[in-house]
Amino acid sequence: LVTSDARGSGCVVLASEAAGAICKHMETGLLHPIGDVKTLSEQITLLHQDRGLLGRLREASLRTVHEITWTAAGVRLLDVYREILASKNVKAA
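Residues numbered from 1 in each chain as written. Predicted model: local features only at pLDDT ≥ 70, side-chain atom pairs only at ≥ 80, totals over all residues. Heavy atoms only, no water.

### Let's talk about the overall build of the protein chain
- Looking only at helices and strands, the protein chain features four helices and two strands.
- Going from N to C terminus, the protein chain has its helices and strands arranged as α-β-β-α-α-α.
- Here the C-alpha radius of gyration of the protein chain, 17 Å, is well above what a compact globule of 93 residues would show, namely 12 Å.
- Taking the principal axes of the C-alpha coordinates as reference, the protein chain spans close to 55 × 25 × 20 Å.
- Here the protein chain holds 93 residues, and 24% of them are scored as buried.
- When the accessible surface of the protein chain is totalled, it reaches about 6,700 Å², and 60% of it is carbon and sulfur.
- Averaged over its 11 positive side-chain charges, the protein chain has a centre that lies 6 Å from the centre of its 10 negative ones. (Helix = DSSP H or I, 4+ residues; strand = E, 2+ residues; numbered from the N terminus. Rg over C-alpha atoms; globule rule 2.2 N^0.38 Å. Buried < 20%, exposed > 50% of the residue type's maximum accessible area, 1.4 Å probe, protein only. Areas by Shrake-Rupley, 256 points an atom, 1.4 Å probe, with all protein chains shown as cover. Lys, Arg positive; Asp, Glu negative; His and termini not counted. Charge placed at Lys NZ, Arg CZ, Asp CG, Glu CD.)

### Here we look at helix H4 (residues 70-87)
- The terminal C-alpha atoms of H4, which comprises 18 residues, lie 26 Å apart, in line with the 26 Å expected from a rise of 1.5 Å per residue.
- Just past H4, the residue Asn89 takes up positive phi, approximately 55°. (Expected span 1.5 Å × (residues − 1).)

### Brief notes about the nonpolar core
- The biggest cluster of nonpolar side chains holds six residues, and these are Val12, Leu30, Leu47, Leu53, Leu54 and Leu57.
- The greatest single-element share of this core, amounting to three residues, is contributed by helix H3 (residues 51-64).
- Once residues lying within four places of it in the same chain are set aside, the contact partners of Leu53 are Met26, Leu46 and Leu47. (Core = buried A, V, L, I, M, F, W, Y, C linked by side-chain atoms within 4.5 Å. Contact = heavy atoms within 4.5 Å.)

### Quick notes on the side chain of Gln43
- Here Gln43 is to be found in helix H2 (residues 37-49).
- A distance of 3.4 Å separates the side chain of Gln43 from the side chain of His32, its partner in a polar contact.
- Each residue touching Gln43, except ones within four places of it in the same chain, is listed here: Leu14, His25, Leu30, Leu31 and His32. (Polar contact = N/O pair within 3.5 Å; in protein donor to acceptor, adjacent residues only side chain to side chain.)

Following this line, the structure appears as structure tokens:
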């Protein structure tokens, strides 16, 4: 949840691939392999030096943050249940 809160606050996420962060590498944040301190350091330097990239990642993240709310998760779960019921020809109440 920390990375989702950070995204909602306008922070660009830099996270390990194992963190479960909901972001797309080079679209809404930056991901790196588990324990790869060298890559993380390079990503921090990259964002410091390339403020245009930092701004683009921030803007894309903020544009899509509505996709990672509890409401969005509930709607998606309900859609999945409906798809399963429809595929089994079961009528929902």
